[in-house]
Amino acid sequence: MEAHVAQYSARLLQQEKEIKILATEIDRLKNFGCLEVSPSLEGLRDENAKLKYRLNVLQKSLQEERNKSVKSMININSRVQEIFRDAIKAAYPDLENPPLAVTPSQQPKFGDYQCNSAMSITKMLPKTNEQKVSPREIADNISRNIPENEYIEKVEIAGPGFINVHLRKDFVSKQLSSLLVNGVQPPAMENRKKVVVDFSSPNIAKEMHVGHLRSTIIGDSMCRLFEFVGYDVLRLNHLGDWGTQFGMLIAHLQDKFPDFLTVSPPIGDLQAFYKESKRRFDTEEEFKKRAYQCVVLLQSKNPDFIKAWKLICDVSRKEFQKIYDCLDIKLIERGESYYQDKMKDIVQEFEERGFVQMDDGRKIVFVPGCSVPLTIMKSDGGFTYDTSDLAALKQRLFEEKADIIVYVVDSGQSVHLQTVYAAGQMIGWYDPAVTRVVHAAFGVVLGEDKKKFKTRSGDTVRLIELLEEGLKRSMDKLKDKERDKVLTEEELKAAQTSVAFGCIKYADLSHNRMNDYIFSFDKMLDDRGNTAAYLLYAFTRIRSIARLANIDEEMLQNAARETKILLDHEKEWKLGKCILRFPEILHKILDDLLLHTLCDYLYELATTFTEFYDNCYCVEKDRQTGTIVKVNMWRMLLCEATAAVMAKGFDILGIKPVQKM
């Protein structure tokens, strides 16, 4: 419906311009004695009146729809932007695409939001009597055209032409009450989208390493966000489960466990098994020949070789699953093998469209704007990663009918993926204006020496050992704080898991994913600063306030319906506004897929809460006896709203807080 309103508004604006032009022309003709009224002007005025009526009806319907979906949290920044968009249109109807700049104010003295469009509009307006219209005059004109609304208390013009916006306290109070009654709900989205997220993607027979950890954590958090806003999400694990390496693995399996078809081979360490087969492949010519024969038999789907391949894949899957269980990751496996039968058609399609060139026996595709061509068939007739990635892209577009496809893959794959996407556009599979296909790239994990994260011996760090080390350090930290003396064994175990895995996830997600980051358990487990340890402790403290005041969940729910949340103290007002910025933060992340914004927001929320709690008594006690004298219930509700938003933020980040720590 918002699209219809925008469409009618644009048509109305265009017609009003045409009416002005015709009216000016008629005035000119009247001066020369031509007094007839133009039929086209009358027609336009008639059509204009109808459009105004239709626009008015649509705007009322839109407001009614918004009021119906009161459970959705409101993105206040977006609503204020809409108000100023309408005000600028009304003040300057002839301006095409006027700039719209509305941001939260950095200081309370500048109000709650600021519109800074006036300075840019000055440059777009023609001079009057050789003088530019001042930005302050423009700001005043915009302010006078602000439509009636429920959000803005007042506006003030400051400096050269800034418009400071003050929100209505009763509006903010109602939104906080709605949050408490309805729970933390997603902001309203225009329509439900189908999203495919390709993440984690380890290779069979190889250990998962810290690069896979980044992809797994970032991809899972993106999926959680998409799921929260109501999108249909397909979480895909694009396993490296096909290729020439399986020839040497199967040949080695035949030698080491000749009865593998009837007795399940006890492969304890698949990484060692892989290294043994690779050493033989590199040093034994006879073994190398047999490995190639095994690849041919596997690709021709010989039943015995398919069984051997499945056995090797199953051993890896069990190891991967241990890590996914630790980190609470849900995935649907769809490895490279899934696309094998689709690759022949991909090559044929590119050939039929005339995009294929021969190069030394290979079939290659040059994509405009890309420096390296795609190799879609090798000289021996085999397919490549390029072919399987094209097949995967097409399947996700045509069979899954995805509106958004996100590849959570390291930055090193950037050129390759951009070339695959460009090839998909070139052949007409998708239009980037309609379907969003994006590479959510990430940097590498560094050790504290700022070099690639390795063990002391220079080997890749095994992910399962890293997680076990996290659990050990987490327990040591809890015991240092003597939490083992106040928590039950079950509570201590829950706190250990929450802190260990929460800190590992948060350390990754709190950095801009585009950058490399230094892996440090000491920094992760520090309960000062922007860390999961600090936020988890802050969360348990907030949750304990009501518990220690003997206020249960039912009492809080009743209070949320009956008690008005007062925002008279400056710290109450600051906290209330900070809580309600949550939907704005989510909208931003949906746009740029940068999850550190959510981490920064949660840290800001926790520190804003601390300011509030230090200055505003929630529970008043007798100084001598310590007994509770008074509970300020509206402040208890602010505590509850803070905790509710933090809990939802943790959930999107894949972190499990505990009630006691």
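Scoring rules and cut-offs
- Residues numbered from 1 in each chain as written.
- Predicted model: local features only at pLDDT ≥ 70, side-chain atom pairs only at ≥ 80, totals over all residues.
- Heavy atoms only, no water.
- Salt bridge = Lys/Arg side-chain N within 4 Å of Asp/Glu carboxyl O.
- Helix = DSSP H or I, 4+ residues; strand = E, 2+ residues; numbered from the N terminus.
- Buried < 20%, exposed > 50% of the residue type's maximum accessible area, 1.4 Å probe, protein only.
- Phe/Tyr/Trp six-rings, centres within 6.5 Å; stacked < 30°, edge-to-face > 60°.
- 1 Å grid on protein atoms, 1.4 Å probe; cavity = no way out; pocket = protein on both sides within 12 Å on 5 of 7 lines; lining within 4 Å.
- Points joined across faces, edges and corners; volume = space filled by probe spheres on them.
- Nonpolar A, V, L, I, M, F, W, Y, C, P; charged D, E, K, R; others polar.
- Pairing = 2+ DSSP bridges.
- Axes fitted to C-alpha atoms, helices over the stretch in contact; angles between N-to-C directions.

1. A look at the pattern of salt bridges
In this structure the tally under the stated criterion is 44 salt bridges. Taking the shortest distance from any N to any O, the salt bridge between D328 and R224 comes out at 3.3 Å. Of the two residues, D328 sits in the loop between α11 (303–327) and β7 (332–333) while R224 sits in helix α7 (residues 210–228), which places them 104 residues apart along the sequence. For D328, a relative accessible area of 24% puts it in the partly exposed group.

2. Examining the packing of aromatic side chains
This model, assessed by the stated rule, comprises 14 aromatic pairs. With a centroid separation of 5.8 Å and an interplanar angle of 70 degrees, the aromatic rings of F281 and Y292 are classed as edge-to-face. Linking F281 in helix α9 (residues 270–283) with Y292 in helix α10 (residues 285–299), this pair joins segments that are 11 residues apart in sequence. Look at F281 and you get buried, because its relative accessible area is 17%. By way of ring pairs, the aromatic residues F350, F355 and W429 are connected into one cluster.

3. With respect to empty space enclosed by the protein
By the definition in use, this model includes three cavities of 30 Å³ or more. Put simply, the largest cavity is a space of about 80 Å³. Surrounding the largest cavity, 11 residues form its lining, S72, M73, I74, Q175 and L580 being those nearest its centre. The biggest single contributor to the lining of the largest cavity is helix α6 (residues 169–182), with three residues. The residue makeup of the lining of the largest cavity, split by class, is seven nonpolar, three polar and one charged.

4. A word on the sheet that holds strand β8 (residues 356–359)
With respect to topology, three strands assemble into an open sheet ordered β8-β9-β10, the strand pairing being antiparallel. Strand pairing shows two members of the sheet lacking a second neighbour, β8 and β10 (374–377), which therefore form its edges. The average undirected angle you get between the axes of adjacent strands in this sheet is 45 degrees. Strand direction decides the pairing type here: β8 and strand β9 (residues 362–365), joined by four bridges, are antiparallel. Of the residues in β9, the one forming a bridge with V356 is V365.

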